[in-house]
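# Structural overview for review
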Amino acid sequence: MSAAFDYEDMHHLVDRLTPTQVRRLRLLVTQDEELSRVARSLPAVEGREAEESVPAGLLALIGSVNGPEDLAEEHDEYIRERMRERFGDSA
């Protein structure tokens, strides 16, 4: 009975997600080794590729980010430090 409850619970959860949240969930599923096999086995839906494609500029930006591992946590200080390096203490 637990599996049936989990299925229904997940079904209702997905129904309540926004389109953006659904795309994020799909990305998470495709990054999981076991779940991605299931996702790949689903039949393709026409028109989905154009709707879900990521702009090439975004992919270029993501690939160009180069910084310390804690960049997200320390981004303000990291930017200040880079500004000081480039423009001196007045920045």
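Before going into details, it helps to say that this report is about the structure given with it. Please read all numbers here as calculations on a predicted model, not as lab measurements. (Residues numbered from 1 in each chain as written. Predicted model: local features only at pLDDT ≥ 70, side-chain atom pairs only at ≥ 80, totals over all residues. Heavy atoms only, no water.)

## Topic: the layout of surface pockets
As a reminder of what qualifies: With a 1 Å grid laid over protein atoms only, a set of points is called a cavity when a 1.4 Å probe fits there but cannot get out and a pocket when it is open yet has protein on both sides within 12 Å along at least five of seven lines; lining residues have an atom within 4 Å of a point. Grid points are joined across faces, edges and corners, and a volume is the space filled by probe spheres set on the points. Strands are runs of DSSP state E lasting at least 2 residues, helices are runs of H or I lasting at least 4, and numbering of each runs from the N terminus. Side-chain classes are defined by residue name, with Ala, Val, Leu, Ile, Met, Phe, Trp, Tyr, Cys and Pro counting as nonpolar, Asp, Glu, Lys and Arg as charged, and the others, Gly among them, as polar.
If you add up the space inside the largest pocket, you get close to 520 Å³. In terms of lining residues, the largest pocket is bounded by 14 residues, among which Met10, Val14, Leu25, Val29 and Leu42 are the most central. Looking at the lining of the largest pocket, the elements that each hand over two or more residues are α1 (2–16), α2 (19–31) and α3 (33–41). The leading source of residues in the lining of the largest pocket is α1, at 6 residues. In the lining of the largest pocket, the residues fall into 10 nonpolar, 1 polar and 3 charged.

## Here we look at a nonpolar patch on the surface
Where we set the bar: Candidates for patches are residues over 30% relative accessible area with no salt bridge; among them, like charges are joined within 9 Å and nonpolar side chains (Val, Leu, Ile, Met, Phe, Trp, Tyr) within 5 Å. In these tables, accessible area is a Shrake-Rupley quantity obtained with a 1.4 Å probe, and a residue counts as shielded only by the protein chains included in the view. By salt bridge we mean one thing: a side-chain nitrogen of Lys or Arg within 4 Å of a carboxyl oxygen of Asp or Glu.
Where nonpolar side chains cluster on the molecular surface, the patch consists of Met10, Leu13, Val14 and Val22 and spans about 290 Å² of accessible area. With 3 residues, α1 is the largest single contributor of residues to the nonpolar patch. Structurally, Leu13 can be placed in helix α1.

## Examining helix α6 (residues 75–87)
Counting along an α-helix, one turn takes 3.6 residues, and residues three or four places apart therefore face a common direction. Convention followed: Here the expected length of a helix is defined as 1.5 Å per residue gap, with one fewer gap than residues.
Along its 13 residues, α6 runs 18 Å from first to last C-alpha, staying within 8% of the 18 Å computed at 1.5 Å per residue. Phi turns positive one or two residues past the end of α6, at Gly88, with a value near 85 degrees.

## Focus on the pattern of salt bridges
Where side chains of opposite charge bring their charged atoms close, a pairing between them can arise. Filter applied, for reference: Summary of the burial criterion: residues with accessible area below 20% of their type's maximum are buried, those above 50% are exposed, and those between are partly exposed, where the area comes from a 1.4 Å probe applied to protein chains only.
Going through the model one piece at a time under the given rule, you end up with 3 salt bridges. Glu33 is paired through a salt bridge with Arg37; the nearest N and O atoms lie 3.9 Å apart. Note that Glu33 and Arg37 are positioned in helix α3 at a spacing of 4 residues, about one turn of the helix. For Glu33, a relative accessible area of 61% translates into the label exposed. Notably, a salt bridge pairs Arg84 with Glu77, separated by 3.6 Å at the nearest N-O pair. The network of salt bridges with shared partners includes Glu77, Arg80 and Arg84.

## Re the packing of α2 against α3
Stated precisely, the cut-off is as follows: Between N-to-C directions, angles span 0 to 180 degrees; the directions come from axes that are lines fitted to C-alpha atoms, helices contributing only their stretch in contact. Here roughly perpendicular refers to angles of 65 to 115 degrees, roughly parallel to angles under 35, roughly antiparallel to angles over 145, and oblique to all remaining angles. In this description, contact between two residues means that some pair of their heavy atoms is separated by no more than 4.5 Å.
With their axes 5 Å apart at the nearest point, α2 and α3 run at an angle of 115 degrees to one another. When the axes of α2 and α3 are compared, the pair comes out roughly perpendicular. When α2 is examined against α3, the residues Val29, Thr30 and Gln31 are found in contact with a partner set consisting of Glu33, Leu35, Ser36 and Ala39. Looking at the contact of α2 with α3 residue by residue, the class counts come to 3 nonpolar, 3 polar and 1 charged.

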